[in-house]
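What follows is each chain in one-letter form.
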Amino acid sequence: MRRCMMLSKLCLIFLGFCSTAYSVLPFYPDSKEVFVKNGDTTLFCRVFGEGDPIIVIHGGPGLSQDYLLPFMSSLAETHQVIFYDQRSCGASTGKIDSQSIQIQTYLDDLESIRKHFGYKKFSVLGHSWGGFLAMQYAIFYPDSIHKLVLMNSLPASSEEYALFGQEWQKRMTPYLEELNRIKATPAFAEGDPGTMANYYRMIFERYCYHSEKTQKLNLTMTPEAFINGSKVYDIFNQSLFTRTYNYHEQLNKVNLPTLIIHGDVDPIPFLTAEKTHASIKDSTYILIQNCGHFPYVETPEELFKHLNQFFN
């Protein structure tokens, strides 16, 4: 077991699992829960294992760590692995406004976690939106990172992000009528957990080579999770995804051992991962065949083979 977004809101497909508070936190007996303060924000961390530290950055913006668990915790067989909820998501707190929800505060949160645990450096693994944050962290805090993993990362430029949007629209067009019907229901407006899980699973099935593998993903959420996650996404959409950006020049200056992993059928085109690989000099690129956006449930043996080789 341990081994084992319409178009105007492309990233919204990653939402729905986050809230400033859970009524009940998922319990993992082989982990410990730690709360890290950064100003008026409290970051909820879940720590597995012992050894050299790895921090895992979840997707979104607006998601929480839960969709990665328990699968990614298998890294704890040889390392200490920290999962955390980004500010205003999951069990973490924080104001949901344009001053609090921005790249710099999210990077400051990572630094606060590193300092709280007393690490001089830690390795960083980011998935999807989390990969985009990991890139930024490597650009602005290179001395804090030992090794970097970008797993199915959002692209490093707005031009490449547009390619993602085109592919998403192509895949989802046959399902838009049904998705819009669900969105128009009172249950959706109220964030009903069952309705929301069905909605997102319908989308995520288009993200996988084997659509049935989405059944393994933890898509449960509270009504507050969907509402708060939507707010977090809206702020990032206005401040980031609707503007022109290109971080490849900054990535040229990143001098860290880097592993870039992507699935060949991910709606985020693997061309974008290849471009990131070309920008980061000391990087290794792995394209997993017959795999989409969630390799830890689609092709876990191959994924963890590469991760273990890289980290160990």
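To be clear, the structure that these remarks concern was listed above.
A few points on the structure. (Residues numbered from 1 in each chain as written. Predicted model: local features only at pLDDT ≥ 70, side-chain atom pairs only at ≥ 80, totals over all residues. Heavy atoms only, no water.)

### Thoughts on the pairing of strand β1 (residues 31-38)
- One ladder, built from eight bridges, connects β1 with strand β2 (residues 41-48); its direction is antiparallel. Counted as the bridge partner of K32 is V47 from β2.
- Between β1 and the antiparallel strand that follows it, β2, lie two residues; G39 among them carries a positive phi value of about 65 degrees. (Pairing = 2+ DSSP bridges. Helix = DSSP H or I, 4+ residues; strand = E, 2+ residues; numbered from the N terminus.)

### Examining the packing of helix α4 (residues 176-183) against helix α6 (residues 193-204)
- Two elements in contact, α4 and α6, have axes whose closest approach is 11 Å; the angle formed by their N-to-C orientations is 160 degrees. As far as their axial angle goes, α6 and α4 are roughly antiparallel. Here the hand of the crossing between α4 and α6 comes out left-handed. Of α6, the residues touching α4 (which contributes E178, L179, I182 and K183) are T195, Y199, M202 and I203.
- Tallied by class, the residues present in the contact of α4 with α6 amount to five nonpolar, one polar and two charged. (Axes fitted to C-alpha atoms, helices over the stretch in contact; angles between N-to-C directions. Parallel < 35°, antiparallel > 145°, perpendicular 65-115°, else oblique. Left-handed = near helix turned anticlockwise from the far one by under 90°. Contact = heavy atoms within 4.5 Å. Nonpolar A, V, L, I, M, F, W, Y, C, P; charged D, E, K, R; others polar.)

### Focus: the pattern of salt bridges
- Counted according to the given criterion, the structure contains seven salt bridges.
- For the salt bridge of E111 with R114, the shortest nitrogen-to-oxygen distance reads 2.8 Å. Linking E111 with R114, this pair stays in helix α1 (residues 103-116), spanning three residues, or about one helical turn. This pair shows no difference in class: E111 is buried, exactly as R114 is.
- E205 is the partner of R206 in a salt bridge, and the nearest nitrogen-oxygen pair spans 3.5 Å.
- Exposure remark for R206: the relative accessible area of 17% places this residue in the buried category.
- The class for E205 is partly exposed, based on a relative accessible area of 22%. (Salt bridge = Lys/Arg side-chain N within 4 Å of Asp/Glu carboxyl O. Buried < 20%, exposed > 50% of the residue type's maximum accessible area, 1.4 Å probe, protein only.)

### A look at the environment of N198
- Mapped onto the fold, N198 is located in helix α6.
- Along the sequence, N198 and L219 sit 21 residues apart, while their C-alpha atoms lie 8.7 Å from each other.

### So, the packing of aromatic side chains
- Taken as a whole, this structure holds 24 aromatic pairs when the rule is applied.
- On the numbers, 6.2 Å between centres and 55 degrees between planes, the contact of F122 with Y137 is tilted. Linking F122 in strand β5 (residues 122-127) with Y137 in helix α2 (residues 129-140), this pair joins segments that are 15 residues apart in sequence. Accessibility classification places F122 together with Y137 in one group, the buried group.
- Ring centres of F204 and F294 lie 5.2 Å apart, and the angle between their planes is 85 degrees; on these two criteria the pair is classed as edge-to-face. (Phe/Tyr/Trp six-rings, centres within 6.5 Å; stacked < 30°, edge-to-face > 60°.)

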